[in-house]
Amino acid sequence: MLPSSSPPKPPFFLSLSLLFLLLSSSTKAASKTNTTTTTVVSPTPSPISSPTPRSTTSSPTSAPTTPSPSTHSTLDPKQLRALQTLDIPTSKDPCIQPSPHNSTICDSASPFRHLVSLRLSNCSSDVSFSYTALKSLSTLQSLTFTNCPITPIRFPSDLALSLHSFTCINSLKRLTGVWLSHFVNLTDLTVSNVPVNASGLYVILGNMDELKSLSISNANVTGSIPKHLPFNLTHVDFSGNKLKGRIPSSISILENLETLNLFSNALTGEMPTNFGDLISLKNVSLGSNSLSGSIPDSLSAIPGLVHVDLSSNQFNGTIPRFFSEMKHLRYLNLANNEFHGVLPFNLTFLKRLEAFKVGGNSNLCYNHTILSSKLKLGIAPCDKHGLPMSPPPAKDSSGGDSEGDSSDYDDSSKDDSSNKGGNHHGPNKVVLGVAIALSSIVFLIVFLILLSKRCG
């Protein structure tokens, strides 16, 4: 009976299992359906709560308080086209995102903004100006060229008069003084590392009465320094030119002048006696000219001098002591002149300086009781008469200097090492002597013991 009744059980259990699976699958399907329904239904109210209608409704109210960038941040189309002719990328608004090499600054005019500052750097050699493009840029107040070998053309008068700052560094081939002279409203003029064809500086500066900062350097300019320079100048740099003649005494009226750089020209004559009237002067560089005479006493009246370079001229006389009383002085270069006498400075003053050069003055000497030869001033010590001592033979001089210097600077380490070496060798000999003595005593004791046994 058991074998006959056992076959029905598997179908029953199988059916029951299938029924359970069907129920569970239908439950999952129902839950998925509910979830899907919820997901589909939930976005239904979103169009109602969407901010779009509200923004449309409230836009007239919010528009005045939040200007639209498309309305207030767009450059004037004419100026945009002008930038394109100068090979400046304009895919983005130049007033908001200027390119890295060509900086632009705009005003806040409406509906279109206008350029007030433009800097062109590392220009392509095939870029060229057009008069039409420049005319549309007449709102510019600052214009800068750096490494831009562009051939200049005549600027429209509106642009020339609008500019307050003009900078040209290693740019603009074939510049002329007449071309520069049209910028009569400039307060800042910088021309450097570009030849300027001008018979003199006055051709350029004659009508620039508003200048405050003036730099025309390494420009191959000839002629002389104008007797009348703009009164408000604070910075003057004429270095690296071919200027001749004297420094005009009228320069002393520039009471706001802080920097005067006339380095590397062909200037002659003496410094003006009223040079001290430049009471605001902080930096003066007259090096590498052919100036002569003595340093004027009026220089002591300039309280804020920081940098003084009179090197490589033909200045003579004694070096004034008043330099040591200038509390702000940090750089003093009097090298390669014809100064004579005793150097009037002590070590306290020299330590205060960041740079001091006085070599190349063969008749100048220092008091060796005040200053040490280790300073290496480039001049001889004085004898008892205040004259440079005759230099010793070259061999003795070099040997004496090197030995003297090394004894105070380098030989400390050498002495230490030699002392260490001496102390090292001394203890070695003592230890060796002690060892030999002990060995001898031990040998003697052993010998005596053996001898006593033999005798016994």
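Residues numbered from 1 in each chain as written. Predicted model: local features only at pLDDT ≥ 70, side-chain atom pairs only at ≥ 80, totals over all residues. Heavy atoms only, no water.

Heads up, the condition is: UniProt positions are given in the numbering used here, feature names are shortened, and annotations may be inferred rather than shown by experiment.
As recorded by an unreviewed UniProt entry, the chain carries the name Leucine-rich repeat-containing N-terminal plant-type domain-containing protein and is attributed to Manihot esculenta. In UniProt, the chain has this text filed under Subcellular location (unreviewed entry): "Membrane".

## Observations regarding the pairing of strand β16 (residues 314–317)
To keep it simple, the criterion reads: Accessibility here uses a 1.4 Å probe with only protein chains present; expressed as a share of the type maximum, an area under 20% marks a residue as buried, one over 50% as exposed, and anything in between as partly exposed. Only DSSP runs of H or I with at least four residues qualify as helices, and only runs of E with at least two residues qualify as strands; both kinds are numbered from the N terminus onward. Following DSSP output, two strands are said to pair if at least two bridges run between them.
Side-chain alternation along β16 places F315 and G317 on a buried face and Q314 and N316 on a face that remains uncovered. Bridge count for strand β14 (residues 290–293) against β16 is two bridges, and the pairing is parallel. Bridge pairing links S292 to Q314 in β16. Relative to strand β18 (residues 338–342), β16 runs parallel, the two sharing two bridges. From the neighbouring strand, N316 faces β18, where its bridge partner is E338.

## Some points on the packing of aromatic side chains
We apply this condition: A pair of Phe, Tyr and Trp rings is counted when the ring centres sit within 6.5 Å of each other, with Trp represented by its six-membered ring. The angle between the planes then sorts it: under 30 degrees is stacked, over 60 is edge-to-face, the rest tilted.
With the rule as written, the count across this model stands at 11 aromatic pairs. A centroid spacing of 6.0 Å and a plane angle of 80° characterise the contact between F129 and F155, whose relative ring orientation is edge-to-face. Here the residue F129 occupies a position in the loop between β2 (115–121) and α7 (131–136), and F155 occupies one in the loop between β3 (142–146) and α8 (157–162), the gap between them amounting to 26 residues. Judged by its relative accessible area of 10%, F129 is buried. The exposure class of F155 is buried, given its relative accessible area of 6%.

## Let's talk about the state of the cysteines
For clarity, the cut-off: By definition, disulfides here are pairs of cysteine sulfur atoms that lie within 2.5 Å.
On inspection of all chains with the given rule, the structure shows three disulfides. Each sulfur of the disulfide joining C95 and C106 lies 2.1 Å from the other. Its S-S torsion of approximately -90° makes the covalent link between C95 and C106 left-handed. You can see C95 sitting in the loop between α6 (77–85) and β1 (103–106) and its partner C106 sitting in strand β1, a full 11 residues away along the chain. With its sulfur 1.9 Å from that of its partner, C365 forms a disulfide with C382.

## Examining the side chain of D76
Heads up, the rule is: Working convention for charge: Lys and Arg count positive, Asp and Glu count negative, and His plus the chain ends are omitted. Here, a salt bridge means any side-chain nitrogen of Lys or Arg that lies within 4 Å of a carboxyl oxygen of Asp or Glu. Contact between two residues is taken to exist if any of their heavy atoms lie within 4.5 Å; hydrogens are not considered.
Along the polypeptide, D76 turns up in the loop between α5 (69–72) and α6. Within the buried core, D76 has no salt-bridge partner, and the shortest N-O distance to an opposite charge, that of R81, equals 6.3 Å. Not counting residues up to four positions away in its chain, the partners in contact with D76 are F112, R113 and H114.

## Regarding the sheet that holds β16
Reading across the sheet, the seven strands line up as β10-β12-β14-β16-β18-β20-β21 and stay open at both edges, with parallel pairing between neighbours. In this open sheet, the two strands that pair with only one neighbour each are β10 (244–245) and β21 (380–381). Bridge analysis of strand β12 (residues 266–270) against β14 gives three bridges, and the strand direction is parallel. Bridge pairing in β14 places G269 opposite L291.

## Some thoughts on the environment of F166
By the secondary structure assignment, F166 is in strand β4 (residues 165–169). Separated by 22 residues in the primary sequence, F166 and T144 place their C-alpha atoms 5.9 Å from one another. Once residues within four sequence positions are removed from consideration, F166 is found in contact with L143, F145, L172, W179, L180, F183, L186, D188, L189 and T190.

## Section: the confidence of the model for the chain
Stated precisely, the cut-off is as follows: Confidence of the predictor at the level of single residues is given by pLDDT, which spans 0 to 100.
Looking at the chain as a whole, its pLDDT mean stands at 78, while 72% of the residues score no less than 70. Taken together, the stretch residues 1–23 has pLDDT below 50 and engages in zero contacts with residues farther than four places along the chain or on a different chain. In this model, residues 25–73 is a region of pLDDT below 50 whose contacts with residues beyond four sequence positions or in other chains number 11 contacts.

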